[in-house]
Amino acid sequence: MLRQKNDNPEILRRAHAEMVGLFLIVFTIIQQVRSPQYGLFAVLIGFFFSVTFVASSSGAHLNGAVTFSLFLNDVAGRNIKPVRTYTVYFLYQCAGAFVAGAVGALLGSPIPELLPEKVAAAFVFEGLFTALLCLVVHTACDANLSQVESHHAGILVGTTIFVTGACIGKISGGVVNPSIAIGLIASRALFVEGNFIPFTYCWLYIIAPLIGATVAHLIYYHLMRYPPERASLLAKKSSESRTAQRA
């Protein structure tokens, strides 16, 4: 669950899954603006279904910062994949968010405006909660730290987003996702305002999450991850235990 795939010929199929997942999430975010009393719960459910839906197809990154943090893990572990794999993931994520914004605008739904009043606070909290989200994903990915199924991972990610929205929603919007930010800002600029004003703070929603993703990578890789030799030993013991139980 939530593990990276290595079959490069299927990169576009997996990227399309990411795009569909982001579309569902962003469309939910846009529609919940009409019923704010159910907003956070609607977003939680949207993330739950999206993660569960695309986990087996793409690994359910659904976030440019998560993709970047997993890329750093792979580079540090010398598990080098073509940079285009991660780039295509990110571009398709942004495309899914943009299409959701475009559809929402055509349906007359209000597209959220990302203009934080306190830029410094928004920057810090976006980075902090992005790091938290990435650590949750890293833990779910690591079979030596957890045995998480796709539906459980959806609950974990959805709950993290719920907590993020509750804590910093009024400060920064609680986006913690550069793919969503770019898609929402671009769709608002094109279909609502017709100018570049929505891009004023786009840099904040890109740089802060990437810094948070880097911090999450450093914490996970140097403090939480099992060394390869110990991970192999744990896998061997687990296999022996399952064999003994069957006997």
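These figures come from a predicted structure and were not determined experimentally. (Residues numbered from 1 in each chain as written. Predicted model: local features only at pLDDT ≥ 70, side-chain atom pairs only at ≥ 80, totals over all residues. Heavy atoms only, no water.)

Attention now goes to the overall build of the chain. Of regular secondary structure, the chain possesses nine helices and zero strands. When the helices and strands of the chain are placed in sequence order, the string is α-α-α-α-α-α-α-α-α. Of all 247 residues assigned to the chain, the portion counted as buried reaches 44%. (Helix = DSSP H or I, 4+ residues; strand = E, 2+ residues; numbered from the N terminus. Buried < 20%, exposed > 50% of the residue type's maximum accessible area, 1.4 Å probe, protein only.)

Of all residues in the chain, 81% attain a pLDDT of 70 or more, and the chain-wide mean is 83. The spread of mean pLDDT over the elements of the chain runs between helix H9 (residues 228-246), the lowest at 55, and helix H8 (residues 202-224), the highest at 95. (pLDDT = per-residue confidence, 0-100.)

A word on unusual backbone geometry. One non-glycine residue with positive phi stands out, namely leucine 62, at about 55 degrees. Residue classification places leucine 62 among the buried positions, given a relative accessible area of 3%. One non-glycine residue, valine 176, adopts positive backbone phi at about 45 degrees. Along the polypeptide, valine 176 turns up in the loop between helix H6 (150-168) and helix H7 (178-193). Among the residues examined, valine 176 registers a relative accessible area of 0% and is labelled buried.

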